[in-house]
Amino acid sequence: MKLTEQDLRLSEFSSYEDYLNSLVDGKSLQYFGDRENLISLFRTGYRALTKEAFEAQRTFLQVTKDPNTLFSRNISPEDPFLQELAKRERPNRLGLMSTIIYMRYMKKNTEISGYIDYEEALRRVHQDQQYSNNWKAIFAGEKVLYPTPVDLLYYNAKTGRSRKNNTRNYQILCDPLRGIIFRNMYDRKDILPDPVASFYGTNTSRTEIESDLYEQVVLYDHVVRKNY
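### A word on the nonpolar core
Residues Phe81, Leu85, Ile101, Met103, Trp135 and Leu145 are the most contacted members of the largest nonpolar core, which totals 19 residues. Taken together, the elements giving at least two residues each to this core come down to α6 (80–93), β1 (97–107), α7 (118–123), α8 (135–139) and β9 (216–223). Every residue in contact with Leu85, bar those within four places of it in the chain, is listed here: Ile101, Tyr118, Trp135, Phe139, Leu145 and Leu219.

Below, the structure written as C-alpha cells:
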C-alpha cells in the first residue's frame, strides 16, 4: 500500500485533540458556528478519523517507518504458513507487495473461509478495534488468524453468513465468466483467484501452502507497480 500525504500527516500530531483542532477552519465554522459543536461532530467520524482509527493509523505509520518493530521480529514461526507470512510482512507494509490470503479454517466444528487483505489485516491492531489482530501472538502460534466479517470475503458454513468488503487496497468485482476479481487500487491490476487457471493476473503469483493449522491456505502475491 502506498502511503498518502494524508497518512503521513498524522505523525505530525502529538495527540488526537491536536488532530481534531487542525480540521477546524473558517468555512466549517461558518456552517456550524460553534467550535466545540464542530469538534464533537468530528469525534463521531464525520469528515474525520475516530480516536480508535487515529491511534491505529499512527501505530501502523510507526511500524512502517521502523522495520525493527515488525510483528514477526525475533519470532521463529513453526507453521509453514506463518513462516511465509513473516517473509511477506515487511514488503506488504512498504507497499512493494500486496498479498491476498485465501483460507479455510475449522473453528468449533464450523468451517470459516474467505479472503484476507494481508496489509489491511496488519493494520487492525488496536485493542478497541473490532476484529483486531494480535499479530505477535499469531506469529508465535498462540492465536490463530482466520477470516472475519470485515475482511475481503467471509463465509460461515454453519450460519450461511457471508460478507464482502472493498478495502483501501482492493475493489471486489464479479465477472460472469472469470468469477471473483480483486482490482488493486494502486496500479489498477486485477488479481484472478481462479484455482484452475494458469494466469492469476499481471505480476501476480499463487502459492498453496500445507499447514497443520488450516484446512487450506493459498497466498496470492501481487508485486505493486510504482510507475503508474
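### Thoughts on the environment of Lys136
For Lys136, the location among the structural elements is in helix α8. Residue Lys136 is classed as partly exposed on the basis of its relative accessible area of 44%. In this structure the C-alpha to C-alpha distance between Lys136 and Asn74, which are 62 residues apart in sequence, comes to 9.9 Å. Filtering out sequence-adjacent residues up to four positions away, Lys136 remains in contact with Leu70, Phe71 and Ile75.

### Some remarks on unusual backbone geometry
Even without being a glycine, Asn74 presents a positive backbone phi close to 65°. Relative to the elements of secondary structure, Asn74 occurs in the loop between α5 (51–65) and α6. Asn74 gets classed as exposed once you look at its relative accessible area, which sits at 72%. Unusually for a residue other than glycine, Asn203 sits at a positive phi of about 60°. Here Asn203 lies in the loop between β7 (190–191) and β8 (204–209).

Definitions and cut-offs
Residues numbered from 1 in each chain as written. Predicted model: local features only at pLDDT ≥ 70, side-chain atom pairs only at ≥ 80, totals over all residues. Heavy atoms only, no water. Core = buried A, V, L, I, M, F, W, Y, C linked by side-chain atoms within 4.5 Å. Buried < 20%, exposed > 50% of the residue type's maximum accessible area, 1.4 Å probe, protein only. Helix = DSSP H or I, 4+ residues; strand = E, 2+ residues; numbered from the N terminus. Contact = heavy atoms within 4.5 Å.

Scope: geometric values only; no functional claims are made or implied.
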